[in-house]
Amino acid sequence: MTGGQVAGLIAAIAFLILVLFIGMFLVKMNKTLSEVNRSMKTMTSDVDVISHQAEDIMANANELLEDVNKKVATIDPVFQAAADLGESVSDLNTATRNLTERVSDTAKTTVKTSLAARVGKTAFDLYKNHKNKD
């Protein structure tokens with residue numbers, strides 16, 4: 001066996017080892033890709049399920065929002081009536097204050113008139129008594 005043949009044999013063995021390592025690498029890569037494909041299929045089906053559930057939740061949320069809006073529209077006149085009642089009570093308080101002030105002013109005037117009438121009657125009685133004595 002010559003040097004060239006030994007070198008050829010070594011090159012052939014090295015090439016065979018390289019081919020074996022590449023083959024094992026490709027087999028492992030195939031298994032990994034198969035696992036990735038399985039994971040992707042699982043994730044796709046899970047995302048589809050989640051998407052359907054999210055659509056159901058959104059539909060329920062829309063129905064709930066619609067129901068709440070209808071109920072708020074039904075209750076809105078009650079709040080308007082309460083606001084109107086508050087305004088009426090405020091107007092009534094203002095009118096009562098005004099009436100109280102007028103009554104108070106009238107009472108003061110009446111007291112003054114009554115006092116003046118008493119003073120006048122007393123003065124008249126004194127005058128009359130004084131005239132009768134003469």
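Everything numeric here is computed off the predicted structure, so don't read it as measured data. (Residues numbered from 1 in each chain as written. Predicted model: local features only at pLDDT ≥ 70, side-chain atom pairs only at ≥ 80, totals over all residues. Heavy atoms only, no water.)

A tally of regular secondary structure across the protein chain gives one helix and zero strands. For the protein chain, whose C-alpha radius of gyration is 55 Å, the value lies well above the compact-globule estimate of 14 Å for 134 residues. Expressed as a percentage of the 134 residues in the protein chain, the buried residues total 0%. As presented, the protein chain carries roughly 12,100 Å² of accessible surface, and 67% of it is formed by carbon and sulfur atoms. (Helix = DSSP H or I, 4+ residues; strand = E, 2+ residues; numbered from the N terminus. Rg over C-alpha atoms; globule rule 2.2 N^0.38 Å. Buried < 20%, exposed > 50% of the residue type's maximum accessible area, 1.4 Å probe, protein only. Areas by Shrake-Rupley, 256 points an atom, 1.4 Å probe, with all protein chains shown as cover.)

Before going further, it helps to spend a moment on the pattern of salt bridges. One pass over the structure, following the stated rule, counts three salt bridges. Put simply, Asp125 and Lys121 hold a salt bridge, and the shortest N to O gap is 3.6 Å. Highlighted residues: Asp125 and Lys121, both in helix H1 (residues 3–133), separated by four residues, approximately one helical turn. For Asp125, a relative accessible area of 29% corresponds to the partly exposed category. For Lys121, a relative accessible area of 54% puts it in the exposed group. (Salt bridge = Lys/Arg side-chain N within 4 Å of Asp/Glu carboxyl O.)

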